[in-house]
Amino acid sequence: MLSNFNQATRFDEFMHFALYNPQYGYYSRGEGIFGGEGDFVTAPELSPLFGQTLGKAIREVLPRCGGVVYEFGAGTGKLACDVLATAGDLITQYNIVDVSGGLKLVQLANLMAQHGPEIEKKVRWLSTLPDKLDGVILGNEVLDATPVRRFKWSNTGPLEAWVQQVDGALQLVWQAADPQFATTVTQLQTQHGPWPEGYESEVAEQSIAWVKTVTDRLNGIALMIDYGFHGALYYLPTRHKGTLRATSRHTAHDDFLAKVGEQDLTAHVNFSAVYSALSSCGGELEGYSHQGEFLLGHGILELATQQPEFTHPTRGAHLRQNLNTLLNEADMGEAFKVICWSKGVNAEGTTLNQAFLANDRSGDL
């Protein structure tokens, strides 16, 4: 595998290989990466209340979108299971878009276990991005897993990270940034600096390209949830090592080149860049808020109290703890953000629209 990097490879290309290579990539490992026994826990794996609340949130906009849903980054299928639990009567077709397809059998098994064999008539798997996206787009922790270009600020000019095998080990090699990337980095420094010498961070060109492509093809509403910041916080001078992290067995670290394909690599999302991208393609921002605010605004507490075990003094303790993780500002509640945009269809007059207005943070973007 290391022979793939005998020549210097730009970091985003290395990251794509480490995550998505069909033979060696991290996500080719399948379901073993999720949950308590894996490397990390996502919100749908943590509690069914997360997906159930998203299902409630999109109920009123589903008829405007033909009852069609497209989910990206479906993982084990837990989000699909739970969205269908509270919005399945309004969903005519649930599309799981997965370019690798490695988790299809896991997703299908979980869907059938919860909803029965009839669910196969409603759910389909797409291996490529459709030319038209007529419906509601859902994505949880999708953008953070997109390869990024990594830079270092230098008084002699911006540098970019490349990866190369040297004496049997992978090393970061810093090279002068090409003129176009150097201009991008310099503009960020002018807007958010001054940065100290040696300041490192990322630019997520591929996630921005993905947002633009989706928005170009969209006739409906997109709802994405991920961890990240608006631009001013993303490029704070004190955040001098950027946001890129490797994760293995629930431990985050910055040894990005270790155990290629055996650890997750992610970077926080720059939501200001997402907003700029969707706006440039005719998308209209429907709302931007913290995850905790969004879930509370759509009745997650009411859903929780409807579960018989939830209020039990002992048996409900784990359920309550997981709910607290979703909502608490010190956990996922503030670190994760919800951004929603539309094109051709809007959410005006719906509870989705009202919940965003009540917790409006679009001014940060």
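Refer to the structure above for everything that follows.
The rules behind each value
- Residues numbered from 1 in each chain as written.
- Predicted model: local features only at pLDDT ≥ 70, side-chain atom pairs only at ≥ 80, totals over all residues.
- Heavy atoms only, no water.
- Axes fitted to C-alpha atoms, helices over the stretch in contact; angles between N-to-C directions.
- Helix = DSSP H or I, 4+ residues; strand = E, 2+ residues; numbered from the N terminus.
- Parallel < 35°, antiparallel > 145°, perpendicular 65-115°, else oblique.
- Left-handed = near helix turned anticlockwise from the far one by under 90°.
- Contact = heavy atoms within 4.5 Å.
- Nonpolar A, V, L, I, M, F, W, Y, C, P; charged D, E, K, R; others polar.
- Pairing = 2+ DSSP bridges.
- Phe/Tyr/Trp six-rings, centres within 6.5 Å; stacked < 30°, edge-to-face > 60°.
- Buried < 20%, exposed > 50% of the residue type's maximum accessible area, 1.4 Å probe, protein only.
- Lys NZ or Arg CZ within 6 Å of the ring centre and 35° of its normal.

J.: For this particular structure, what's the right way to read the packing of helix H3 (residues 48-58) against helix H4 (residues 78-87)?
T.: Each pair of packed helices gets described by two things: the angle between the helix axes and the distance between those axes. For the pair H3 and H4, the least separation of the axes is 7 Å and the interaxial angle reads 50 degrees. Considered as vectors, H3 and H4 are oriented oblique to each other. Read as a crossing pair, H3 and H4 show a hand that is right-handed. Each of Pro-48, Phe-50, Gly-51, Gln-52, Leu-54, Gly-55, Lys-56 and Ile-58 in H3 lies in contact with H4, whose residues at this interface are Lys-78, Leu-79, Asp-82, Val-83, Thr-86 and Ala-87. In terms of residue class, the contact of H3 with H4 is made up of seven nonpolar, four polar and three charged.

J.: Looking at this structure, I do not really get the sheet that holds strand E11 (residues 245-248). What am I missing?
T.: In sheet architecture, strand pairing relies on hydrogen bonds along the backbone and comes in two forms, parallel and antiparallel. Within the open sheet, the three strands sit side by side as E12-E11-E13. Their pairing is antiparallel. Of all strands in the sheet, those bounded by a partner on one side alone are strand E12 (251-253) and strand E13 (264-266). Sheet twist, expressed as the mean angle between neighbouring strand axes with direction ignored, is 30 degrees.

J.: Just checking my understanding: could you explain the packing of aromatic side chains for this structure?
T.: Centre-to-centre distance and the angle between the planes together describe a pair of aromatic rings. As enumerated under the stated definition, the model contains 18 aromatic pairs in all. Between Tyr-227 and Phe-336, the ring centres sit 5.3 Å apart and the planes meet at 75 degrees, which makes this aromatic pair edge-to-face. Of this pair, Tyr-227 sits in strand E10 (residues 218-229) while Phe-336 sits in strand E16 (residues 336-343), and the two are 109 residues apart along the sequence. With respect to class, Tyr-227 is no different from Phe-336; both count as buried. Consider the rings of Phe-229 and Tyr-234, whose centres lie 6.4 Å apart with planes at 75 degrees: the pair is edge-to-face. In this pair, the class of Phe-229 matches that of Tyr-234, namely buried. Site record: aromatic cluster; members linked through ring pairs are Phe-151, Trp-153, Trp-195, Tyr-199, Phe-229, Tyr-234 and Tyr-235. Over the ring of Phe-181 we find Arg-149, and its NZ or CZ is 4.1 Å from the ring centre.

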